[in-house]
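Structural features, examined
Here is how the chains run, residue by residue.
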Amino acid sequence: MTNDRYPILGSPIKLGPKVARNRIWMTAHATLLVKDHLFTEAHIAYYTERAKGGAAVITMEAMATHPTTQPYKGKAFAFDPRMVPEYRKLADAVHAYDTLLLAQPWHRGRQTNGITNGLPVWAPSAVPCGVYREMPHVMTTSDINEIIDGYRLSARYAREGGLDGVEVHGMSHGYLLNQFLSPATNFRQDDYGGTLENRMRIVREILEATRAETGPDMIVGMRLNSDDGHDGGLGPDEWADIAREFEATGLIDYISFSHGTYINRMLIYPTAPETHGFQLAATGKIKKGLKLPVVGVGRITNPDEAETWLAEGRCDFVGMARALVADPNWANKALGGEPQRIRPCVGANWCMSRIFAQAPLGCIHNPSAGQELELDENTLPPAKTGKKVAVVGGGPSGMRASWTLARRGHSVTLFEAAPLLGGQVRWWAQAESRRELLGIVSWLEERIAEENIKVICNHRATEDDLADFDEIVIAAGSTGLKHGWTMLHPEKWNGEILPGANLGHVYSYTEFLDQRPDLTGQVLIFDIMGGRQGAVVAEILARQGVSVHFATQLGQASPDLASSRDWGKVHGMLKKLGVVFHVDCELTEIHEDQVEIEDLYTKQSSVLKNISAVVLVQGSQANDSLYHKMVCHKPCHLIGDAMAPRRVNDAINEGELIARQI
């Protein structure tokens, strides 16, 4: 490997009693690969792939220090002695690649509920979390001692399990120790509240307990905020004072900084279009007063940017989570002279949506993420017999299928009816907030260009085109529906049209995104799906000066964005752009210049006047007609939206799976 382009990023650095081989640090993040509070083989494979990919340090996902912090079933228990043999397996696997492995014991405090474990939520004061809204139990001195002992045991088992260190967590992101440190959430009058010294007391005692267990031969670090990002919380100046106090204890070897609490979670894991490196100004300011190495985070995705921030002294390590979910080989590609081959994190937060659905971690365009044992991208098995395969549809599913088919030794021809590859991803990327999604397309285009794949654009494949192929993959996408009915009237979906839905100024969302008609005046978006489609259409229209009315039968617009955690961010943007929301209503009739809507619960009708166009977001119909024509003649496969209109990650995953089967 050559590090000439990234001399700092690729350079080793002392980290307490050990040495990190470069400045690339995989920060902790949930995986939901844990079972029975323990790690699994899938978990080991996940971390090993990132170690093999060149990350110098890995902080494993946050692990509970006490039974009162179980946000979901199966959360890893760092205080459980059963973790010791699991740590040993992990350490052996990761150490084979000269990567340092750290545990991260933590407690969520008020930022959880007691549904999973049936226990009360613990917090320093009776202040509920705005997300979970459960009144906490005010911790007694005995409770505090239990938490300290949980951290002590966590450090002991990390040492016995052969890990390299412990990153004490809970001081950032609004978790329990942050709640003690912040005057916004700590109203105590005892030795653990009031003055800064008292508010820091529990953290000092945890650090002392941790260091007593690890001894001098292990790394001990801590995760702090550099800005809480809310009124009454701690800002960079306050966190700088706290960081210096903890450094002065001599108990820690580094500090990892982040932003935010659950009052504003988009500071913790923001979606696009958040500025890359947005946290590093505050982190760099705090670092100036410290001697210890500092880990900086905040949408770090690009090695050129990472090198710049290291050179500017904003941090000593670049911490990444989602970027290494997207590409576990990020470090090796950057330091090996191939940064252009890095699969970019596009800020879609599909990884968060998976966790929200209580499913193991995934990535919107890396099907191997969380499935390393089943879909190892680096050890693709060759085809037993090379075949001539046609892929119809150059969206993400067809592109992924083509790339994997070609790498396995098949002769591939990719047909696309549009002038460019990319399918609906190109449509979504027309919205300013979703432009980074083009990284999905550009990365696949570059991979396809590396293989001997024949690409035919501007041509809609026919039966005659496919006659000479051995097998066919249909990835022709889907077409938006525009009959006008919601799911509350399933009996009307069989060909019946809502009055006025066939007028010339009514568009399905796919028609709008594909044709981009020049709309003016007031436009109604009627969205029955609750996903991101309606929000994207609304943003595009509002930014071009159209007055947008957004109506839905749901209780709120685009509720599915709660899973990617950016519902508030998107709604705030749309409100600032002037979008007017109408919820709990159905569209009952469309006229030439107005629409009628009806409240679902009161049945009261109202009229929106001077409506120049209507865009219907009602889901879409699979483009599978060619499949049904060809399947009788030769092996034919449906994938992506042509199978069933869903999500980008489903399309890419199915493209990968079918390419491995042929």
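Going by the structure above, here's the rest.
This report concerns the structure included in the present document. (Residues numbered from 1 in each chain as written. Predicted model: local features only at pLDDT ≥ 70, side-chain atom pairs only at ≥ 80, totals over all residues. Heavy atoms only, no water.)

**A word on the pattern of salt bridges**
How we decide: Basic side-chain nitrogens of Lys or Arg form a salt bridge, by our definition, when they fall within 4 Å of a carboxyl oxygen of Asp or Glu. Numbering goes from the N terminus for both helices and strands, where a helix is a DSSP run of H or I of at least four residues and a strand is a run of E of at least two. Here the term buried applies to any residue with accessible area under 20% of the maximum for its type, exposed to any over 50%, and partly exposed to those in between, with areas from a 1.4 Å probe on protein chains only.
If you walk through the whole model with that rule in mind, you get 36 salt bridges. E41 is paired through a salt bridge with K89; the nearest N and O atoms lie 3.8 Å apart. With E41 in helix α1 (residues 41-52) and K89 in helix α2 (residues 83-95), this residue pair connects regions lying 48 residues apart in the sequence. E41 gets classed as partly exposed once you look at its relative accessible area, which sits at 48%. Salt-bridge contacts for E436 lead to R299; the nearest nitrogen and oxygen are separated by 2.9 Å. Residue E436 is found in the loop between α14 (424-428) and α15 (438-450), and its partner R299 is found in the loop between β11 (294-296) and α9 (303-311); the two are separated by 137 residues along the sequence. You can call E436 partly exposed: its relative accessible area is 24%. Overall, the relative accessible area of 5% leaves R299 in the buried class. Each of R343, E377, R400, E656 and R660 takes part in a single network of salt bridges with overlapping partners.

**With respect to the pairing of strand β25 (residues 611-617)**
How we decide: Two strands pair under a simple rule: DSSP has to find at least two bridges between them.
In terms of burial, β25 is largely enclosed, as six of its seven residues are buried. Note: strand β19 (residues 522-527) against β25, six bridges, orientation parallel. Looking at the pairing, V523 lines up with A613 of β25.

**Structural notes on the sheet that holds strand β15 (residues 453-456)**
Rules: Geometry is summarised by axes, namely lines fitted to C-alpha atoms with helices restricted to the contacting stretch, and by angles between N-to-C directions that run from 0 to 180 degrees.
Taken in spatial order, the five strands make up an open sheet running β15-β14-β13-β16-β27, and their pairing is parallel. Each end of this open sheet is capped by a strand with a single partner; those strands are β15 and β27 (636-638). Taken over all neighbouring pairs, the strand axes of this sheet differ in orientation by 15° on average, direction set aside. Here strand β16 (residues 471-474) pairs with β27 via three bridges, running parallel. Within the sheet, the bridge partner assigned to V473 lies in β27 and is H637.

**What about the sheet that holds β19?**
Pairing is parallel across the open sheet formed by five strands, whose spatial order is β18-β25-β19-β20-β21. Only two strands of the sheet have a single neighbouring strand rather than two, namely β18 (506-508) and β21 (580-582). In this sheet, adjacent strand axes meet at a mean angle of 20° when their direction is disregarded. Bridging between β19 and strand β20 (residues 547-551) involves five bridges; their strand directions are parallel. Bridge assignment links I525 to a residue of β20, and that residue is F550.

**Comments concerning the nonpolar core**
Applicable threshold: In plain words, nonpolar cores are sets of buried Ala, Val, Leu, Ile, Met, Phe, Trp, Tyr and Cys residues tied together by side-chain atoms within 4.5 Å. Residue contacts are defined here by distance: any two heavy atoms, one from each residue, within 4.5 Å place the two residues in contact.
In terms of nonpolar packing, the biggest core is built from 107 residues, with M60, Y87, F246 and W330 touching the most fellow members. Among the elements that make up this core, the one with the highest residue count is helix α3 (residues 141-160) (eight residues). Apart from the residues within four sequence positions on either side, Y87 is in contact with F39, M60, M63, A78, A103, Y157, A158, G161 and L163. L421, V536, M573 and V579 belong to the second-largest nonpolar core, a separate cluster that totals 58 residues.

**As for helix α20 (residues 648-661)**
Test applied: The span you would expect from a helix comes to 1.5 Å times its residue count less one.
End to end, α20 covers 20 Å across 14 residues, agreeing with the expected 20 Å (1.5 Å per residue, within 8%). Burial runs high along α20: ten of the 14 residues are buried. Of all the residues in α20, the buried ones are N649, D650, A651, I652, E654, G655, E656, I658, A659 and R660.

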